[in-house]
Amino acid sequence: MPDYLKIIIAIATTLMGALPIAFTLGVSHRKRTAEKEIGSAEEEARKILNDALKGAETKMREALVEAKDEIHKQRIEYDREVKERRLETQKQERRLQQKEEAFDRRSEALEKKEEGLTAKLAEAENARNEAERIKRGQIEMLERISRFTEEEAKALLIKNLESEVTHEAAMKLKEIELRTKDESDRLAREIISAAIQKCAADHVSEATVSVVPLPNDEMKGRIIGREGRNIRTLEVMTGVDLIIDDTPEAITLSCFDPVRRETARLALEKLIADGRIHPARIEEMVEKSRREVEVVIKQEGERATFDTGVHGLHPELIKLLGRLRYRTSYGQNVLKHAIEVSHLAGIMASELGVDVMLAKRAGLLHDIGKAADHEVEGSHVNIGVDLARKYRENSDVLHAIQAHHGDVDPKTVEACLVQASDAISAARPGARRENLENYIKRLEKLEEVANGFNGVERSFAVQAGREIRIMVKPEHISDDQMVLLARELAVKIEQDLEYPGQIKVHMIRETRHIDYAK
């Protein structure tokens, strides 16, 4: 074995022997040190415990003192609150006692009042019974004196009151009507007279001529042509019937469309002046006349808008206005009538302070439907409204057109003015010619409406239907009832009849007594 190994083994053996001894010595030393530390710690703990006990006793005493002080304060506060509540309770008790006393006093007073009222009610009942007894006695006495029963007396009194009330109502109605009529007539006369003075128009209206004069009767044969080819060509090209009869040196043109009739008239006049009458020449002249009529129509429409100062119309509306140049109504030229209505409506609108241009525009277009009423189904009012709507006229113009014959109630002042202007233009002397048969029927209808009222003996339409004179039965209708009857008849006429202007209702009550001296 090497020496160094031996040395190492020896050292290790020595160390292993010394380790237990060292461990034992270390443990003993540590034990002694720990016992010393434990002793000092116990001593320290005893000191800390003693100090803590002393501090706790001190704090306990202080807490007891504070608790006693707090309890004392709380007791004082509680005593104070109890005292205040006791005082408040005493006050409430006194208040309740006062209220109870007041309630008792009021109850006693109410009982006394109730007793007094009961006594008064009894007295009132006795007085009422006594009054009823006296009233019955008086009624019986009055019945004996007047020889009327109570019901008969009531009926007589009511009858007298009705008579008085009827008289009062009739007089009041008459007074109101007279006052209103005077004021409205005065204002209407001023406005209408001012409008008519500013709008001068011919009294005799034009009529579309449909007769073409001939230089001689030989021209009739030339117009007819060989086997009627000339007249047939002319009729086919124009849509107009040529009436060639025994009338010397004249040919009558017949057609429902006035524009076509005018075209045929111009073409025929050109052919007569030219002298060359054959189918080809007829076609040429008809086409030339048609262009001339279209030019005239446009010029007439533009002239109407210029004369009335109405601008911004659609070109088609202007052409339709020009077509009215060849249209008549009861002999009155419709274009002149439209221009006149436009002027009248504008003047009256100016007097009333409303929209002048709207009134003139609506007046100019109010009969525009008559330009196409031969071509479209329906009345000229509906046709006019459709045309104006088609060419984008405003709603006020449409309403005025629709209301100018009373198809709808006028809702604007301008519509009323157009309606009144139309009536003025149509009703002035010489403006229109009315069919005799329609005129007679209107007068008969007027008399029939008047005769339909109770108490009417007979009636007469006079002044061309502008006045109705009514004879009443004097034994059935009194003077006061005549006022009411006249008003009822006027309302009935307004509802049932259509007429231009106004109708005067003239009531006549006549009593005659005849005797003979012998």
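Nothing here was measured: the structure is a model prediction, and the numbers come from that model.

**Q** Mind showing me how you'd approach the side chain of Glu393 here?
**A** Here Glu393 lies in the loop between α10 (380-390) and α11 (395-403). Apart from residues lying up to four places away in sequence, Glu393 is in contact with Leu313, Leu317, Arg361, Leu365, Ala388 and Leu398.

**Q** Looking at this structure, how should I read the sheet that holds strand β8 (residues 504-509)?
**A** Strand pairing within a sheet occurs via backbone hydrogen bonds; the two strands may be parallel or antiparallel. In space, the three strands of this open sheet follow the order β6-β7-β8, with mixed pairing throughout. Lying at the two open borders of the sheet, with one neighbouring strand each, are β6 (456-462) and β8. On average, each strand axis in the sheet is inclined to that of its neighbour by 20 degrees, with strand direction left out of account. The pairing of β6 with strand β7 (residues 467-472) spans six bridges and is antiparallel. For Ser459, the partnering residue across the bridge sits in β7 and is Ile470. Of the strands in this sheet, β6, β7 and β8 are in contact with helix α14 (residues 479-496), which crosses β8 at around 150 degrees.

**Q** Honestly, the packing of helix α9 (residues 356-365) against α11 in this entry has me stumped. Any pointers?
**A** How two helices pack is summed up by the angle between their axes together with the distance between the axes. Two elements in contact, α9 and α11, have axes whose closest approach is 9 Å; the angle formed by their N-to-C orientations is 50 degrees. Between α9 and α11, the angle falls in the class oblique. Between α9 and α11 the crossing geometry is right-handed. Here Leu358, Arg361, Ala362 and Leu365 of α9 lie close against α11, whose contacting residues are Asp396, Val397, Ala400 and Ile401.

**Q** Please clarify how the pattern of salt bridges should be interpreted in this entry.
**A** Side-chain pairs of opposite charge can arise whenever the charged atoms involved come near each other. As enumerated under the stated definition, the model contains 22 salt bridges in all. Taking the shortest distance from any N to any O, the salt bridge between Arg281 and Asp274 comes out at 3.1 Å. You can call Arg281 buried: its relative accessible area is 12%. Three or more residues joined by partner-sharing salt bridges are found here, namely Asp274, Arg276, Arg281 and Glu284.

About the cut-offs
Residues numbered from 1 in each chain as written. Predicted model: local features only at pLDDT ≥ 70, side-chain atom pairs only at ≥ 80, totals over all residues. Heavy atoms only, no water. Helix = DSSP H or I, 4+ residues; strand = E, 2+ residues; numbered from the N terminus. Contact = heavy atoms within 4.5 Å. Pairing = 2+ DSSP bridges. Axes fitted to C-alpha atoms, helices over the stretch in contact; angles between N-to-C directions. Parallel < 35°, antiparallel > 145°, perpendicular 65-115°, else oblique. Left-handed = near helix turned anticlockwise from the far one by under 90°. Salt bridge = Lys/Arg side-chain N within 4 Å of Asp/Glu carboxyl O. Buried < 20%, exposed > 50% of the residue type's maximum accessible area, 1.4 Å probe, protein only.

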